[in-house]
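Listed below, chain by chain, are the residues.
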Amino acid sequence: MGKLFNNYQRVDIEFIRAEGNYLFDQEGKAYLDFSSGIGVTNLGFHPAVKTVLKKQAEQIWHTPNLYQNSLQEEVADKLIGFRDYLAYFCNSGAEANEAAIKLARKSTGRQEIISFKNSFHGRTFGSLSASGQDAIKQGFGDGVPHFYYASLNDLDSVKDLVTDDTAAVMLELVQGESGIHVAHKDFVRNLADFCRQTGILLIIDEVQTGMGRTGKLFAFEHYGIEPDIFTLAKGLGNGFPVGAMLGKASLGEAFSYGSHGSTFGGNKLAMAASSAVLDILKEEGFLDTVLSKAASFKQKLAQALANQPLVTEIRGMGYMIGIETESDLSGLVSAARAKGLIILTAGRNVLRLLPPLTLTEEEGDRAIAVLQAVFEEQSAT
Ligand SMILES: Cc1ncc(COP(=O)(O)O)c(C=O)c1O
């Protein structure tokens, strides 16, 4: 080591093997992965994904986007279902959001995008500029102009920023990176109505909330809205890098030949993995079970942590859960890890749990026991 940029704070453990919802380090120690690799391996290390990747690699793993790609059509079809969208495939969440920003600008002929304070949309210049957090922009000079930031759950703050040049509003329905802040139902519905009435496009960033994370294929389904554009990545390939931008078919003309593209986007391996993931998520009853399992997990978690003085709130949607605390998070995260549980932080004082959707009741109980123990230890110190 020593030859890598220091842009990540890495723990001194390497996971070298995985099985189901468990990771194993060099010493063979098992860790229950309550991060899903930051919302990525939503199905754990699922054998179906491994099988299709191997099979596809035997056949062909890359073709340029100058040729037909029936796997892209297949994945688009599974993502779109009965709705009226077109899909564009890329390799990450940031790229998907770049595509969304470009589509919004080109299709409306307007430039301004309103996003939200504390939002996170990625690290490329466009997606970074869309993100409503100053800390991650420090030192990089001017961002992309024409981004403005409203307050989550405050429609007036959006309206105050609207001009004749507003192309789109861009929103995470649950702000993931900044602390599991859930957008309220009436706010989102009123925002969607307002956008429709004013011809402003509504972009929903489903990079973290999508692919079953909240108990629906897409979080916008909880709200009874259909965004003009939405973006996916993380769980789409269950660990194989892939992103997608879906836009209403009526916006299709703006993305005509040569307007946008990606060498690797929609790669055969990525599409094979995504197709297998979608088959599982769309199995009859799979997501309904996720919803009920997540609700019962959250209830048990709330009971177990009810008397913990350091816990101020437990919130979230489906298996996207935040535990707001009054304590030093790094201590809690490393204490949980020592007990074989991998968890994440979000924002300044929130523990973030993104367990695999395939979590068993026994695994959930095990995680709760570890969390209870680490909170007890922490409050005793
Ligand atoms: C909501 C959201 N959008 C975009 C991104 C960026 O995705 P990527 O890291 O794949 O570029 C993330 C990553 O955490 C995210 O949570």
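Residues numbered from 1 in each chain as written. Predicted model: local features only at pLDDT ≥ 70, side-chain atom pairs only at ≥ 80, totals over all residues. Heavy atoms only, no water.

This is how it is decided: UniProt positions are given in the numbering used here, feature names are shortened, and annotations may be inferred rather than shown by experiment.
As annotated in an unreviewed UniProt entry, the chain is Acetylornithine aminotransferase from Streptococcus chenjunshii. For the chain, the Catalytic activity (unreviewed entry) comment in UniProt is given as "N(2)-acetyl-L-ornithine + 2-oxoglutarate = N-acetyl-L-glutamate 5-semialdehyde + L-glutamate".

Overview of the overall build of the chain
Which entries qualify depends on this criterion: Secondary structure elements are taken from DSSP: a helix is a run of H or I of four residues or more, a strand is a run of E of two residues or more, and numbering for both begins at the N terminus. The quantity called the radius of gyration is restricted to C-alpha atoms. Its globule counterpart is 2.2 Å times the number of residues to the power 0.38. Any pair of residues with heavy atoms lying within 4.5 Å of one another is described as a contacting pair. Surface accessibility follows the Shrake-Rupley procedure with a 1.4 Å probe radius. Residue values consider only the protein chains on display as shielding. For the charge count, each Lys or Arg is scored as positive and each Asp or Glu as negative, with His and the chain ends excluded. Here the site of a charge means atom NZ of a Lys, CZ of an Arg, CG of an Asp or CD of a Glu.
From N to C terminus, the chain includes 11 helices and 17 strands. For 381 residues, the compact-globule estimate of 2.2 N^0.38 gives 21 Å, and the C-alpha radius of gyration of the chain, at 21 Å, lies within 12% of that figure. Referenced to the eigenvectors of the C-alpha coordinate spread, the extents of the chain come out at roughly 60 × 55 × 45 Å. For the chain, the share of sequence-separated contacts (at least 6 apart) that also reach a separation of at least 24 residues comes to 71%. About 17800 Å² of surface is accessible on the chain, with carbon and sulfur atoms providing 51% of the total. In the chain, the 35 positive side-chain charges and the 45 negative ones have mean positions that sit 2 Å from each other.

Brief notes about unusual backbone geometry
Defined as follows: Classification of residues uses two cut-offs on accessible area relative to the type maximum, computed with a 1.4 Å probe and protein chains only: under 20% is buried, over 50% is exposed, and between them is partly exposed.
A positive phi angle, close to 60°, is found at I38, a residue other than glycine. Take I38: it is sitting in helix α1 (residues 36-39). Given a relative accessible area of 35%, I38 falls into the partly exposed group. The residue K234 is not glycine, and still its phi comes out positive at about 20°. Structurally, K234 can be placed in the loop between β11 (229-232) and β12 (243-248).

Side note on the pairing of strand β5 (residues 112-116)
Convention followed: Strand pairing is defined by DSSP finding a minimum of two bridges between the two strands.
Of all five residues in β5, five are buried, a share of seventy percent or more. Here β5 shows a buried face lined by E112, I114 and F116 and a second buried face lined by I113 and S115. Pairing between β5 and strand β7 (residues 166-171): three bridges, direction parallel. Counterpart to E112 in the pairing with β7 is T166. For β5 and strand β6 (residues 147-150), the ladder comprises four bridges, and the chain directions are parallel. Counterpart to I114 in the pairing with β6 is Y148.

A few points about the UniProt feature "modified residue: N6-(pyridoxal phosphate)lysine" (unreviewed entry) in the chain
The following threshold applies: Pairs of N or O atoms within 3.5 Å make up the polar contacts considered here, provided that, within protein, one atom can donate a hydrogen while the other can accept it, and that residues adjacent in sequence are counted only when both atoms are side-chain atoms.
Under the present numbering, the feature "modified residue: N6-(pyridoxal phosphate)lysine" (unreviewed entry) in UniProt falls on K234. Reaching out from K234, the side chain makes a polar contact with the backbone oxygen of I38 at a distance of 3.1 Å.

A closer look at the nonpolar core
Within soluble globular proteins, side chains that are nonpolar tend to cluster in buried spots. Definition in use: As used in this record, nonpolar core signifies buried Ala, Val, Leu, Ile, Met, Phe, Trp, Tyr and Cys residues forming a set joined through side-chain atoms within 4.5 Å. Annotation comment: domain bounds sourced from an automatic or database domain assignment.
If you look at the biggest cluster of nonpolar residues, it comprises 89 residues, and the most contacted ones within it are L79 and L191. Both domains that meet at this core, namely domain 1 (15-46 + 285-380) and domain 2 (48-281), each give it at least three residues. Contact partners of L191, with chain neighbours within four places excluded, come to F116, L155, V158, V169, L171 and L202. If you look at the next biggest cluster of nonpolar residues, it comprises 20 residues, including Y88, A96, A99 and M245.

A word on the domain arrangement of the chain
Put simply, the rule is: Buried area: the accessible surface (1.4 Å probe) lost by two parts on joining, summed over both. What counts as a salt bridge is simple: a side-chain nitrogen of Lys or Arg found within 4 Å of a carboxyl oxygen of Asp or Glu.
What the domain assignment reports for the chain is domain 1 (15-46 + 285-380) and domain 2 (48-281). Put simply, the middle of domain 1 and the middle of domain 2, counted by C-alpha atoms, are 26 Å apart. If you look at the interface, domain 1 gives 28 residues, while domain 2 gives 30 residues. Carbon and sulfur atoms make up 61% of the area that domain 1 and domain 2 hide from each other, which totals about 2500 Å². Among the residues of domain 1 in contact with domain 2, H46, M317 and M320 are the three that bury the most area, contributing 30% of the side total. Residue R352 pairs with E177 through a salt bridge whose shortest N-O separation is 2.9 Å.

A few points about the packing of helix α10 (residues 329-338) against helix α11 (residues 361-380)
The criterion, for reference: Axes here refer to lines fitted to C-alpha atoms; in helices the fit is confined to the stretch in contact. Angles between the N-to-C directions go from 0 to 180 degrees. We call two directions roughly parallel when the angle between them is under 35 degrees, roughly antiparallel when it is over 145, roughly perpendicular when it lies between 65 and 115, and oblique otherwise. Each crossing is labelled by how the near helix is turned from the far one, with a counterclockwise turn of less than a right angle marking it left-handed and a clockwise turn marking it right-handed. When residues are grouped by polarity, Ala, Val, Leu, Ile, Met, Phe, Trp, Tyr, Cys and Pro land in nonpolar, Asp, Glu, Lys and Arg in charged, and all others, Gly among them, in polar.
In the contact formed by α10 and α11, the axes pass within 9 Å of each other and the chain directions differ by 130°. Relative to α11, the element α10 is oriented oblique. In the crossing of α10 with α11, the sense of the turn from one axis to the other is right-handed. Of the residues in α11, those in contact with G331, L332, A335 and A336 of α10 are V370, V374, F375 and Q378. A class-by-class count of the residues in the contact of α10 with α11 yields six nonpolar, two polar and no charged.

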